[in-house]
Amino acid sequence: GADLLCVETMIDLAEAELAVRAAREAAPSLPIVATMPFEAMKRGCFTVMGATPAKAAPRLAAAGADVVGANCTLGSALPGIVRELKAAGARFVAVRPNAGLPALVNGALAWPESPEAMAARVPDLLEAGASLIGGCCGTTPAHIRALGAALSRTVTPSAPR
């Protein structure tokens with residue numbers, strides 16, 4: 001009864017390719033979304049294992065992903081990552097940012113980015129070419145509602161990006 005399969009938070013590109021191939025073999029007719037966490041550094045954006053968005057996009061697509069992108073990533077880095085994925089040939093790009101970097105507050109993890117701050121990035125993400133926008137770590141129902149509201153203000157009904 002699944003509508004799509006998500007392979008997400010893969011830090012190793014070879015492992016991500018294997019997971020996408022396995023998903024494609026298990027469900028040949030379902031859309032597959034494959035996302036990796038990228039971190040912005042002075043010399044560019046990379047996964048922990050050193051893959052760039054430009055390297056990841058064509059390899060994940062060749063493995064069978066219909067949508068590629070970034071999750072578990074800070075929102076401020078995402079427009080550049082989306083542009084890099086698109087420049088590398090990604091047709092559809094998914095982004096699911098964290099609600100900031102977590103901090104320990106009164107013995108519990110807390111994410112500092114408000115729903116409004118996360119939603120404020122929607123126009124830049126769409127301008128960069130994002131097709132699917134959601135949230136990852138620290139995202140609450142309030143964040144998703146704010147993203148939905150921002151999307152409804154920004155997007156006019158049309159063909160998929």
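Caption draft 1: Focus on the sheet that holds strand β1 (residues 5-7). An order of β1-β2-β5-β6-β9 is seen for the five strands of this open sheet, with the pairing classed as parallel. At either end of the open sheet lies a strand with only one pairing partner, and these are β1 and β9 (132-133). Both strand β5 (residues 67-74) and strand β6 (residues 92-98) contribute to a ladder of seven bridges, which runs parallel. Its bridge partner being in β6, G69 is matched across the sheet by A94.

Caption draft 2: Layout of the packing of helix α2 (residues 53-63) against helix α3 (residues 78-87). Two elements in contact, α2 and α3, have axes whose closest approach is 8 Å; the angle formed by their N-to-C orientations is 50°. On the basis of their axis angle, the class for α2 and α3 is oblique. In the packing of α2 onto α3, the handedness of the crossing is right-handed. Where α2 approaches α3, its residues P53, A54 and A57 are matched on the opposing element by I81, E84 and L85. Of the residues contributing to the contact of α2 with α3, the split by class is five nonpolar, no polar and one charged.

Calculation criteria
Along each chain, the written sequence defines residue order, and numbers are assigned to residues from 1. Totals for whole chains, interfaces and linings use all residues, but because this is a predicted model, local features are given only for residues with pLDDT of at least 70 and pairs of side-chain atoms are given and counted only at 80 or more. In computing side-chain values, all of the structure's heavy atoms are included and hydrogens and water are not. Two strands qualify as a pair provided DSSP detects at least 2 bridges between them. Runs of H or I in DSSP of at least four residues are treated as helices and runs of E of at least two as strands, each being numbered from the N terminus. Between N-to-C directions, angles span 0 to 180 degrees; the directions come from axes that are lines fitted to C-alpha atoms, helices contributing only their stretch in contact. By definition in this entry, angles of less than 35 degrees are roughly parallel, angles greater than 145 are roughly antiparallel, angles of 65 to 115 are roughly perpendicular, and the rest are oblique. Here a crossing is taken to be left-handed if its near helix is turned anticlockwise relative to the far helix by less than a right angle, and right-handed if that turn runs clockwise. Contacts between residues were defined by any pair of non-hydrogen atoms, one from each residue, lying within 4.5 Å. Residues are grouped as follows: Ala, Val, Leu, Ile, Met, Phe, Trp, Tyr, Cys and Pro are nonpolar; Asp, Glu, Lys and Arg are charged; all remaining types, including Gly, are polar.

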